[in-house]
Amino acid sequence: MTGKTKENFNSNYLNYVKTQIPPSRQFRNCLSAFGVGGLICCIGQFIRFMLEYLGLSGDELAGTTSVVLIFLGCLLTGFGVYDRIGRYAGAGSIVPITGFANSVTSPAIEFKTEGWIYGMAAKMFTVAGAIVVFGVCSGAIVGLIYYFI
């Protein structure tokens, strides 16, 4: 192949590739991630304001807000809503604390047919990380012990 023919071939190929590649949706993806992540954080702030209005303050307020957000993330994952939010928002749905709840709950639901220990518990630890899940569980247990003492 001569230099001119090779150059023609390359430009024809590049033009063909440009016609076959779908247009980039990077800006839309960033905008939806920012919007949904911000909306989840605004919902969390609203929950915090409502709990503050009910009389909670300090560590109780922060802990209760986190627990409510984790519960909502697990609930929405169980109903299949969080997966749809994740498909639309991408990274915007995994940044807040509800994304952590989703990453723990999803494998537990998916593998529950394999049993409680080898299915739910084992797969829950593989996705979210044993240290993180252990830390949350032990923190909840210590919190309950502290509350009742």
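Structure shown above.
Residues numbered from 1 in each chain as written. Predicted model: local features only at pLDDT ≥ 70, side-chain atom pairs only at ≥ 80, totals over all residues. Heavy atoms only, no water.

A. Here's a closer look at the environment of Ile-70. Within the secondary structure, Ile-70 is located in helix H3 (residues 58–78). Its relative accessible area of 24% is what places Ile-70 among the partly exposed residues. When the C-alpha atoms of Ile-70 and Phe-100 are compared, they prove to be 7.7 Å apart, with 30 residues separating the residues in sequence. In this structure, Ile-70 is in contact with Ile-97 and Ala-101, ignoring residues within four places of it in sequence. (Helix = DSSP H or I, 4+ residues; strand = E, 2+ residues; numbered from the N terminus. Buried < 20%, exposed > 50% of the residue type's maximum accessible area, 1.4 Å probe, protein only. Contact = heavy atoms within 4.5 Å.)

B. Main features of a nonpolar patch on the surface. Among the surface-exposed residues, Phe-71, Leu-72, Leu-75 and Phe-79 lie close enough to one another that they form a single nonpolar patch of about 400 Å² accessible area. As for its placement among the helices and strands, Leu-75 is situated in helix H3. For Leu-75, a relative accessible area of 33% corresponds to the partly exposed category. (Patch = residues over 30% accessible without salt bridge, like charges linked within 9 Å, V, L, I, M, F, W, Y side chains within 5 Å. Areas by Shrake-Rupley, 256 points an atom, 1.4 Å probe, with all protein chains shown as cover. Salt bridge = Lys/Arg side-chain N within 4 Å of Asp/Glu carboxyl O.)

C. The arrangement of the side chain of Asn-102 in detail. Of note, Asn-102 is situated in helix H5 (residues 97–110). In contact with Asn-102, other than residues within four places in its own chain, are Thr-77, Tyr-82, Asp-83 and Pro-107.

D. Broad picture of the packing of aromatic side chains. Following the criterion strictly, the structure yields one aromatic pair and no others. With centroids separated by 5.2 Å and ring planes inclined at 75 degrees, the aromatic side chains of Tyr-147 and Phe-148 adopt a geometry described as edge-to-face. (Phe/Tyr/Trp six-rings, centres within 6.5 Å; stacked < 30°, edge-to-face > 60°.)

E. Main features of the environment of Phe-100. For Phe-100, the position within the fold is in helix H5. As for Phe-100 and Cys-74, which are separated by 26 residues in sequence, their C-alpha atoms are 9.2 Å apart. Contacts of Phe-100, omitting those with residues within four sequence positions, involve Val-132 and Val-136.

F. Helix H2 (residues 26–53), seen in detail. With 28 residues, H2 should cover 40 Å at 1.5 Å per step; its first-to-last C-alpha distance of 40 Å lies within 8% of that length. For H2, every residue scored as buried is listed here: Ser-32, Ala-33, Val-36, Gly-37, Ile-40, Gly-44, Ile-47 and Leu-51. Along its buried surface, H2 packs onto H3, helix H4 (81–89) and H5. (Expected span 1.5 Å × (residues − 1).)

G. How the structure looks around H3. Between the first and last C-alpha of H3 there are 31 Å, a value that for 21 residues agrees with the 30 Å anticipated at 1.5 Å per step. Listing the buried residues of H3 in full gives Leu-61, Thr-65, Leu-69, Gly-73 and Thr-77. What you see down the axis of H3 is that its buried residues fit within an arc of 135 degrees, all on one side. Looking at H3, the residues exposed on the side facing more than 90 degrees away from the buried face are Asp-59, Glu-60, Val-67 and Phe-71. In this fold, the buried residues of H3 make contact with H2, H4 and H5. Gly-80 sits one or two positions beyond H3 and adopts a positive phi of about 85 degrees. (Arc of directions from axis to C-beta.)

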